[in-house]
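# Secondary and tertiary structure notes
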There are 2 protein chains.
Amino acid sequence: MDLIDRKYRILQAIIDDYILTALPVGSRTISRKYEQKLSSATIRNEMSDLEELGYLDSPHTSAGRVPSNKAYRLYVDQMLRPMPLSVEETAFINRCFDRRANQVEDLSMRIAKALSSMTRYTTAVMTRTPRNEQMLSHLQLVPVADRRVLLILVTKSGTVKQSLLEIGAGVAPDELYTVSRILSSQLEGVPLSQLPGELMRLCGRSETGIHAIVRAMAEQTPPESQSDIVALAVGGRSNLLSFPEYSDVEKAKALLSVLETREKVVSLLSQHGEMELSVRIGPETGLEETKDCSIVTASYRLSDGRVNTIGMIGPTRMQYGKVLSVLSQVGRSLGDLLEEQND
Amino acid sequence: MDLIDRKYRILQAIIDDYILTALPVGSRTISRKYEQKLSSATIRNEMSDLEELGYLDSPHTSAGRVPSNKAYRLYVDQMLRPMPLSVEETAFINRCFDRRANQVEDLSMRIAKALSSMTRYTTAVMTRTPRNEQMLSHLQLVPVADRRVLLILVTKSGTVKQSLLEIGAGVAPDELYTVSRILSSQLEGVPLSQLPGELMRLCGRSETGIHAIVRAMAEQTPPESQSDIVALAVGGRSNLLSFPEYSDVEKAKALLSVLETREKVVSLLSQHGEMELSVRIGPETGLEETKDCSIVTASYRLSDGRVNTIGMIGPTRMQYGKVLSVLSQVGRSLGDLLEEQND
DNA sequence: GTTAGCACTCGATCGGTTTGAGTGCTAATC
DNA sequence: GATTAGCACTCAAACCGATCGAGTGCTAAC
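Looking now at the packing of helix H1 (residues 5–21) of chain A against helix H4 (residues 69–79) of chain A. Residue and element names in this part refer to chain A. Running from amino to carboxyl end, H1 crosses H4 at an angle of 105°, the nearest separation of the two axes being 11 Å. Classified by the angle their axes make, H1 and H4 are roughly perpendicular. In this structure, H1 uses Tyr 8, Leu 11, Gln 12, Ile 15, Asp 16, Tyr 18 and Ile 19 to contact H4, whose residues at the interface are Ala 71, Tyr 72, Leu 74, Tyr 75, Gln 78 and Met 79.

This part covers the pairing of strand S9 (residues 293–301) of chain B. Residues and elements named next belong to chain B. The element S9 is extensively covered by neighbouring structure, given that eight of its nine residues are classed as buried. Where strand S8 (residues 277–281) and S9 come together, five bridges link them in antiparallel fashion. Each residue of the ladder has a partner; that of Ile 281, found in S9, is Ser 294. By the bridge criterion, nine bridges tie S9 to strand S10 (residues 307–315) in an arrangement that is antiparallel. Note that in S10 the partner of Tyr 300 across the bridge is Asn 308.

For the rest of this paragraph, the subject is a negative patch on the surface. Taken together, the side chains of Glu 105 and Asp 106 of chain A together with Glu 105 and Asp 106 of chain B make up a negatively charged region of the molecular surface. Those elements giving two or more residues to the negative patch turn out to be helix H6 (104–119) of chain A together with helix H6 (104–119) of chain B. Residue position: Asp 106 of chain A is located in helix H6.

In the vicinity of DNA strand D there are 20 residues, among which Arg 6, Thr 42, Thr 61 and Ser 62 of chain A together with Ser 27 of chain B approach most closely. What you see for DNA strand D is that sugar and phosphate hold 75% of its atoms within 4 Å of the protein. Between DNA strand D and Thr 61 of chain A there is a distance of 3.3 Å, counted from a phosphate oxygen to a side-chain nitrogen or oxygen. In this structure, a base oxygen belonging to DNA strand D sits 3.0 Å away from a side-chain N or O atom of Ser 62 of chain A. Residue assignment for the surface near DNA strand D shows that the elements contributing at least two residues are helix H3 (40–52) of chain A together with helix H2 (27–33) and helix H3 (40–52) of chain B. Per element, the largest residue contribution to the surface near DNA strand D is four residues, and it comes from H3 of chain A. When grouped by side-chain class, the residues that make up the surface near DNA strand D number three nonpolar, twelve polar and five charged.

In this section: the sheet that holds strand S4 (residues 136–145) of chain A. Residues and elements named next belong to chain A. Pairing is antiparallel across the open sheet formed by three strands, whose spatial order is S4-S5-S6. Each edge of the sheet is formed by a strand with only one pairing partner; in this case those strands are S4 and strand S6 (160–166). Across the sheet, the mean angle from the axis of one strand to that of its neighbour is 20°, orientation sign disregarded. Here S4 runs beside strand S5 (residues 148–155); their pairing, made up of eight bridges, is antiparallel. Opposite His 138, over in S5, you have Val 154 as the bridge partner. Lying over the sheet, helix H7 (residues 173–187) contacts S4 and S5, oriented at roughly 160° with respect to S4.

Our next topic: unusual backbone geometry. Residue and element names in this part refer to chain A. A positive phi angle is found at Ala 22, which is not glycine, with a value near 65°. Its place among the elements puts Ala 22 in the loop between H1 and helix H2 (27–33). Under the relative-accessibility criterion, Ala 22 is labelled buried at 16%. Positive phi, close to 65°, is recorded for Glu 274, a residue that is not glycine. Residue placement: Glu 274 occurs in the loop between helix H11 (262–269) and strand S8 (277–281).

Moving on, we get to the nonpolar core. Judged by nonpolar contacts, the single largest core of 155 residues is most densely connected at Leu 11 and Tyr 320 of chain A together with Leu 11 and Tyr 320 of chain B. With residues near it in sequence (within four places) discarded, Tyr 320 of chain A still touches Ile 19, Tyr 72, Tyr 75, Val 76, Leu 80, Val 279, Ile 281, Ser 294 and Val 296 of chain A. Formed by 25 residues, the second largest nonpolar core is a distinct cluster that contains Val 149, Ile 167, Leu 199 and Leu 202 of chain B.

Our next topic: the relation of the copies chain B and chain A. At an RMSD of 0.2 Å, chain B and chain A line up after a rotation of 180° and a shift of 0.0 Å along the axis. These values place the two chain copies in the arrangement generated by a two-fold rotation axis. For chain B, the smallest separation between a C-alpha atom and the rotation axis is recorded for Val 249 of chain B, amounting to 3.5 Å. In this assembly, 98% of the residues forming the interface of chain B have copies in chain A that are likewise at the interface, indicating an isologous arrangement.

Interface size, as often reported, equals the accessible area lost upon joining of the parts. Contacts between chain B and chain A engage 46 residues on the former and 46 residues on the latter. Across the interface of chain B and chain A, roughly 3900 Å² is buried in total on both sides, 49% from carbon and sulfur atoms. One can count four salt bridges joining chain B with chain A. Among the salt bridges present, the one from Arg 181 of chain B reaches Asp 174 of chain A, with a minimum N-O distance of 2.7 Å. If you look at where chain B meets chain A, you find 14 residue pairs in polar contact (both at pLDDT 80 or more). Mapped onto the side of chain B that touches chain A, the elements with two or more residues apiece are strand S4 (136–145), strand S5 (148–155), strand S6 (160–166), helix H7 (173–187), helix H10 (249–259) and helix H12 (320–342) of chain B. Split by residue class, the side of chain B that touches chain A holds 16 nonpolar, 18 polar and twelve charged.

How each quantity is defined
- Residues numbered from 1 in each chain as written.
- Chains lettered and ligands numbered in written order.
- Predicted model: local features only at pLDDT ≥ 70, side-chain atom pairs only at ≥ 80, totals over all residues.
- Heavy atoms only, no water.
- Axes fitted to C-alpha atoms, helices over the stretch in contact; angles between N-to-C directions.
- Helix = DSSP H or I, 4+ residues; strand = E, 2+ residues; numbered from the N terminus.
- Parallel < 35°, antiparallel > 145°, perpendicular 65-115°, else oblique.
- Contact = heavy atoms within 4.5 Å.
- Buried < 20%, exposed > 50% of the residue type's maximum accessible area, 1.4 Å probe, protein only.
- Pairing = 2+ DSSP bridges.
- Patch = residues over 30% accessible without salt bridge, like charges linked within 9 Å, V, L, I, M, F, W, Y side chains within 5 Å.
- Areas by Shrake-Rupley, 256 points an atom, 1.4 Å probe, with all protein chains shown as cover.
- Salt bridge = Lys/Arg side-chain N within 4 Å of Asp/Glu carboxyl O.
- Lys, Arg positive; Asp, Glu negative; His and termini not counted.
- Charge placed at Lys NZ, Arg CZ, Asp CG, Glu CD.
- Near = heavy atom within 4 Å.
- Polar contact = N/O pair within 3.5 Å; in protein donor to acceptor, adjacent residues only side chain to side chain.
- Nonpolar A, V, L, I, M, F, W, Y, C, P; charged D, E, K, R; others polar.
- Core = buried A, V, L, I, M, F, W, Y, C linked by side-chain atoms within 4.5 Å.
- Least-squares fit on C-alpha atoms with pLDDT ≥ 70 in both.
- Buried area = accessible area lost by both parts, 1.4 Å probe.

Structural data, given as structure tokens:
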């Protein structure tokens, strides 16, 4: 469905203006600000056509037009002008990557905060490892207190999980080390999800000495329900309240509540279909509560199988150009950084 | 400044009513709902006195009275009736402690969420270890990838810190174990804050073999700037938007923004003066942004030196009775749980 | 000391009018 | 045939005044 050039330009002008002002756009505005060669009456006719084609909605008879989701779709797919970042912005971003952070959590949080303060959109940063790719490389038991032992699981991809175990009786550090070595060699390559089962099996035939430890591990190793998520950080939630679309407190509350629910955020960030950059508009976001929002994600699969996703959420009237530029740049940098940390 | 019995009762009635409705309370309301023996005119006289004494404010001439911060202070200090939790509530709380969670973070988050959904106030749970009490018990190096090693620091109090190090050259697991043992014995009892310095010292005279590792540790051990905070979880931020006092989006935004800033939350939670239960009203909360809020905290020092604090924040018109009961019960349970986990 | 009564205050609410930004349609113009 | 000027029409928002009602303070009577 090609739009002839002028309609196309007018539609673009309307969307641009609406994104800027959040106010329904009238024909005179377009004629004055964007298409001075054309009279408002002409624009009116075009707008009428555009409405018929499904690109515009009118809130009521005398209120100007508002872009439809279909219009936004066209906008991001075809109308976006590349919008290079300013020098300051690039500098700002680079600063995030400057300070060293050896914890993914810290880094994620810092990036989420920086991006949200930069764009005024709420930002989430997630690193997850698909469950079926997480295989044990080796494990190590570290004594913590008399009957408490910290279990460290290192996966083939280099991510680390820990959990605290309580064992029946005290064990000497040296013995723990020996047990760690034995178990490591026996369990190497086992997917984490099958770890408890494997341990149970070993438990049956292990010598009595390490029996208690293995049993404790089998029973207390956390089920891998959602633990394939390595890190999740959300920043700038309160920014949402600046948008006029959330001056209605009820709406704001519903959305904020979504952004406080870890599972929902994860689900929102997980629906990019393997695309590096993805824009989901309105209902495409997948949640009822976000049907008036758009979500832009940048997502990179690292060589070790982990997937890193950065997402920004805002009203459908989003500065897509800006957000896409920022996300593609930061996403890439973050991907590179994580990759680099990894070898 | 003793208030004679009747004034006292009337003030209490006013505060109770205002906490419930958020609407300025008039003399007739009190006379009808709370003091049916007295006419509204009498109440009016009393209220006039109470205003003069500084316990009541009137938003404007004909709008009823609103309790002042001074009134709330009196209320929490002297007027609170013990408010035992219902059976359901107790059950609900106990359920939080049921499922086992071996990570303080998980447990904190779960409790924060449960409490906020139960009371509708925003809840924060924090466990911190005063910096000067954190002394090394032992450490362990765990191989992760070729040139990456996970450093586990276990403190005397049994908390665990980890950080990822990059070392110059690959080292065999067995050697790492040996190095761990040597360093553990040499560094036992060293406060974490002095760890980098101590390591540097050791670095000078260590054999070349482990030199690289020690140097990496010295350089890459995170400075203990804010890392004495072990865990912080905030739940139910969006609940704030239910209160009529935050129907003004600007106010809501300011407060939410505070609750998104880790340092500010930590500071809000840290100002109880060693009290087990503390109530801070309005400006007593210490931040400009929270001068219309109250914060109730329950705080327990564990035998290992860690301090666990649970805090709830809401408008000064808070259900202090309820919140205090919940917090004292949960605070104690959580304290016991952590204590128990600890030996 | 308490209360009934009354004048007064002042925000909230309600109905009606005005305003102004916008549309759609038609007829004249390029 | 496309463009535009002109005009009637629509409708939310702003404005306005009247009214309402919850509240007060004061005074005089009980």
